[in-house]
Amino acid sequence: MAVKLILTDIDGTILPRGRRQVSERTVAAFHAAIDAGLWVGAASGRGYSWIPDFFGGDAACCSTALATNGMQVYLGGEKVMEQSLAFDALEQLRAIVAATPGAGLVCFDDATPLLVEGELEVLAAHFPAYAERCRVTRELPDFPVVKANVFTGAGEAAMAELVARLGAEVAAFDVDRAMPTYSNIMPRGWNKGTAVAWLAERLGVGLDDVVVFGDADNDLPMFAAVKNSVAVAGAAPEAAEAARWHIGACEDDAVAASIEALAAGEWPFTR
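Residues numbered from 1 in each chain as written. Predicted model: local features only at pLDDT ≥ 70, side-chain atom pairs only at ≥ 80, totals over all residues. Heavy atoms only, no water.

Q: So what exactly am I meant to see when it comes to the nonpolar core here?
A: Proteins that are soluble and globular tend to have nonpolar side chains buried together. By size, the foremost hydrophobic cluster in this structure holds 48 residues, and its most contacted members are I6, I51, F55, F213, I247, I259 and F269. The element contributing the most residues to this core is helix α10 (residues 254-263), with 6 residues. Residue contacts for F55: discarding those within four places in its chain leaves I14, V22, V27, F30, C61 and C62. If you look at the next biggest cluster of nonpolar residues, it comprises 47 residues, including A43, L85, V163 and V212. (Core = buried A, V, L, I, M, F, W, Y, C linked by side-chain atoms within 4.5 Å. Buried < 20%, exposed > 50% of the residue type's maximum accessible area, 1.4 Å probe, protein only. Helix = DSSP H or I, 4+ residues; strand = E, 2+ residues; numbered from the N terminus. Contact = heavy atoms within 4.5 Å.)

Q: I'm lost on helix α7 (residues 192-203) in this one. Help?
A: An α-helix turns once per 3.6 residues; consequently, residues spaced three or four apart project the same way. For α7, with 12 residues, the first-to-last C-alpha span of 16 Å sits near the 16 Å given by 1.5 Å per residue. Those residues of α7 lying buried are K192, G193, A195, V196, L199, A200 and L203. Projected onto a plane normal to the axis of α7, the buried residues spread over an arc of 160° and lie on a single side. In the core, the buried residues of α7 are packed alongside β1 (5-8), β2 (39-43), β3 (64-67), β4 (72-75), β12 (210-214) and α8 (220-225). Sitting at the amino-terminal end of α7 is N191, which places a side-chain oxygen 2.9 Å from the backbone nitrogen of G193. (Expected span 1.5 Å × (residues − 1). Arc of directions from axis to C-beta. Polar contact = N/O pair within 3.5 Å; in protein donor to acceptor, adjacent residues only side chain to side chain.)

Q: Could you clarify how one ought to interpret the pairing of strand β13 (residues 228-233) in this entry?
A: When a strand is regular, its side chains alternate between the sheet's two faces. Within β13, 5 of the 6 residues are buried, leaving the element largely enclosed by the surrounding structure. As judged from the 4 bridges shared by β12 and β13, these two strands associate in the parallel manner. When the bridges of β13 are listed, G214 appears paired with A231. Where the polypeptide runs from β12 across α8 and back to β13, its parallel neighbour, the crossover connection is right-handed. (Pairing = 2+ DSSP bridges. Right-handed = clockwise from strand over helix to strand, strands pointing away.)

Q: I would appreciate a short explanation of the pattern of salt bridges in the present structure.
A: Opposite charge on two side chains allows them to pair when their charged atoms are near. On inspection of all chains with the given rule, the structure shows 11 salt bridges. Here K192 makes a salt bridge to D9, at a shortest N to O gap of 3.1 Å. Here D9 lies in the loop between β1 and α1 (24-35) and K192 lies in helix α7, a separation of 183 residues in the sequence. For the pair formed by K192 and D9, the shared burial category is buried. Here R165 makes a salt bridge to E169, at a shortest N to O gap of 3.0 Å. Taken together, the residues R165 and E169, both in helix α6 (residues 156-169) and 4 residues apart, mark about one turn of the helix. (Salt bridge = Lys/Arg side-chain N within 4 Å of Asp/Glu carboxyl O.)

Q: Sorry, what's going on with the sheet that holds strand β7 (residues 112-117) here?
A: Within a sheet, adjacent strands bond to each other through the backbone by hydrogen bonds, running parallel or antiparallel. With mixed pairing, 6 strands are arranged side by side in an open sheet as β8-β7-β6-β9-β11-β10. Edge positions in the sheet fall to β8 (135-136) and β10 (173-175), since each has one partner strand and no second. Its contacts with the sheet place α6 against β6 (103-109), β9 (148-152), β10 and β11 (182-187), and it is angled at close to 140° to β9. (Axes fitted to C-alpha atoms, helices over the stretch in contact; angles between N-to-C directions.)

Q: Would you explain the sheet that holds β2 in this entry?
A: Spatially, the 8 strands line up as an open sheet ordered β5-β4-β3-β2-β1-β12-β13-β14, and their pairing is mixed. With one partner strand each, in any of the chains shown, β5 (78-82) and β14 (245-249) form the two edges of the open sheet. Between one strand axis and the next, the sheet turns through 20° on average, direction left out of account. As paired strands, β1 and β12 are joined by 4 bridges and run parallel to one another. In the strand pairing of β12, I6 is matched with V211. Running at roughly 140° to β2, α1 makes contact with β1 and β2 of the sheet.

Q: Help me understand unusual backbone geometry in this model?
A: For residues that are not glycine, phi is negative in most cases, and the peptide bond is trans in most cases. Phi at N69 is positive, roughly 60°, even though this residue is not glycine. Within the secondary structure, N69 sits in the loop between β3 and β4. The residue R138 is not glycine, and still its phi comes out positive at about 60°. With respect to the helices and strands, the residue R138 is situated in the loop between β8 and β9.

Q: Can you walk me through the packing of helix α3 (residues 87-98) against α6 in this structure?
A: Packed helix pairs are characterised by how far apart their axes lie and by the angle those axes make with each other. Where α3 contacts α6, the axes come no closer than 11 Å and their chain directions differ by 150°. Note that α3 runs across α6; the crossing there is right-handed. When α3 is examined against α6, the residues Q92, L93 and I96 are found in contact with a partner set consisting of L162, R165, L166 and E169. Residue classes in the contact of α3 with α6 are distributed as 4 nonpolar, 1 polar and 2 charged. (Left-handed = near helix turned anticlockwise from the far one by under 90°. Nonpolar A, V, L, I, M, F, W, Y, C, P; charged D, E, K, R; others polar.)

Q: What is the right way to read the packing of aromatic side chains from this model?
A: A ring pair, where both rings are aromatic, is described by two values, the distance of the centres and the angle of the planes. A complete count under the given rule lists 11 aromatic pairs for this structure. Its end group placed over the ring of W50, R133 keeps NZ or CZ at 4.1 Å from the ring centre. The ring of F108 has K147 sitting right over it, with the charged end atom 5.1 Å from the ring centre. (Phe/Tyr/Trp six-rings, centres within 6.5 Å; stacked < 30°, edge-to-face > 60°. Lys NZ or Arg CZ within 6 Å of the ring centre and 35° of its normal.)

Have a look at this one:
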């Protein structure tokens, strides 16, 4: 098949936990794909302003991107689409989070996390880099919010209950399980999957000519939208089950090896 578009999650897929940059081999693989005439980029829950640093500031690796779970789409380094979260629904969500012991809500002002509810040390346990840059505001921003997350220090079962309640009571939003106790907030019906389809249509690329890589529950919509979905070893059970193809571990540069093969016109997936 003639692959034309490659998109990959970042955390746990090409960026091992605890590291701040992807490997040199991953950067080189992106360039090999670009040189071969393919579109390649990240499909991440991270806001776009965080993505360049993961690639050592290499602009070419970030030229194409789905950021904030597809809330932002970039082509040629320019933002071509952006969604935002309805303020009234955010107020409703905030009230539920505030009434839930151990829970927190963080909104983002570009690269700066704003702690609206919850404790900074709990946020630090999930994303130390977010906690390092965080400003504690205790109020919702007065500008359109593109990225927001809920989290809890009360454990996975408590998070499952909170996500279920938010999904049932806040009709305007979907809330995923990006991590066991950390979730993304998106407009109902919008996610990585709808963003991939939007980008493919914009590029004139059929979804059969797209390959996507991931490891977590927030990759499930992308795996559902794209036939050639690939899970890395150690992926969340639901993501591994949903993926059509399976490769080695993030720590072993399995995605980089696959992109190298695709750039060379080879098909690296067998199982």
